[in-house]
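Topology and contacts: notes
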Amino acid sequence: MDYYETEEDSALVSSDFKTAVEGVVGGNVYQHSRVKQWNSSVIEQCLSQLNKLGKPFKYIVNCIIMQKTGAGLQTACACFWDNSTDGCCAVKWENESMHCIVNVFGMAI
Amino acid sequence: MEEYNSGDEVAFNADEASISVKECIEGVIGGTDYNQSKVNQWTASIVEHSLTHLVKQGRPFKYIVNCAIMQKSGAGLHTANSCYWDTATDGSCTVRWENRTMYCVVSVFAVAVAL
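Before going into details, it helps to say that this report is about the structure given with it. (Residues numbered from 1 in each chain as written. Chains lettered and ligands numbered in written order. Predicted model: local features only at pLDDT ≥ 70, side-chain atom pairs only at ≥ 80, totals over all residues. Heavy atoms only, no water.)

As for helix 2 (residues 39–56) of chain B
- Between its terminal C-alpha atoms helix 2 of chain B stretches 26 Å, which fits the 26 Å expected from 18 residues at 1.5 Å a residue.
- Residues of helix 2 of chain B that are buried include every one of B:Val39, B:Trp42, B:Thr43, B:Ile46, B:Val47, B:Ser50, B:Leu51, B:Leu54 and B:Val55, and no others.
- In this fold, the buried residues of helix 2 of chain B make contact with strand 2 (73–80) of chain A together with helix 1 (14–29), strand 1 (61–71) and strand 4 (102–112) of chain B.
- A positive phi of about 70° marks B:Gly58, the residue just after helix 2 of chain B. (Helix = DSSP H or I, 4+ residues; strand = E, 2+ residues; numbered from the N terminus. Expected span 1.5 Å × (residues − 1). Buried < 20%, exposed > 50% of the residue type's maximum accessible area, 1.4 Å probe, protein only. Contact = heavy atoms within 4.5 Å.)

A short note on the interface of chain B and chain A
- At the junction of the two partners, chain B supplies 38 residues and chain A supplies 38 residues.
- Regarding the contact of chain B and chain A, the summed buried area is about 3,000 Å², with carbon and sulfur atoms giving 59% of it.
- Of all residues in chain B, B:Lys62, B:His78 and B:Tyr84 bury the most surface against chain A, accounting for 22% of the area lost on that side.
- Residue B:Lys62 pairs with A:Asp86 through a salt bridge whose shortest N-O separation is 2.8 Å.
- At the junction of chain B and chain A, the tally comes to 16 residue pairs in polar contact (both at pLDDT 80 or more). (Buried area = accessible area lost by both parts, 1.4 Å probe. Salt bridge = Lys/Arg side-chain N within 4 Å of Asp/Glu carboxyl O. Polar contact = N/O pair within 3.5 Å; in protein donor to acceptor, adjacent residues only side chain to side chain.)

Observations concerning the packing of aromatic side chains
- Scanning all chains against the criterion turns up seven aromatic pairs over all chains.
- Stacked on the ring of B:Tyr103, the Lys or Arg B:Lys72 has its end atom at 4.8 Å from the ring centre. (Phe/Tyr/Trp six-rings, centres within 6.5 Å; stacked < 30°, edge-to-face > 60°. Lys NZ or Arg CZ within 6 Å of the ring centre and 35° of its normal.)

What follows is the structure in structure tokens.
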């Protein structure tokens, strides 16, 4: 069975997500009216990139977009799964007006 | 590996998980104000306690618990999830909680294990 979290896979997948985020929100200023759409686009693109890998995994993609106003934000996650086959990766991106954090979890079927 | 309960419920019970998570949040940050030096510890406690409660149920699931705590300062925050899984057996629930100084959003994802 293919393992999700070989270092190679993780690096490959990480840069794809950064590209997806950049493509959707890059060069934009935080806008309340558009953030929902941005979030959906980022997630959709990440999920379709994962499906293209064609591995026998279930995926969960979580995306947070937060306006930069100096507020504090802390996120954490805990997972109960099979350490030898399952894994996750977090991608952080920012520009002058917002932060974007994408968490991807992959669980072997 | 621990033995799983063989019950009739094969699908994830989101309501039950929701209640359990709300209690965990209240237990950790209920009655406190946002504190930068403690927030790290809070998020870790919330995810740990929530996960422990879920695992104790003994159901055949893999779990992911995600928690975000944000200070209330008028900033906009938007979070979204998308999942590629078996909709008949897998599920999720999201709990939103707030007090005067902060917001807390906890998401629980449960993926069925093939036995």
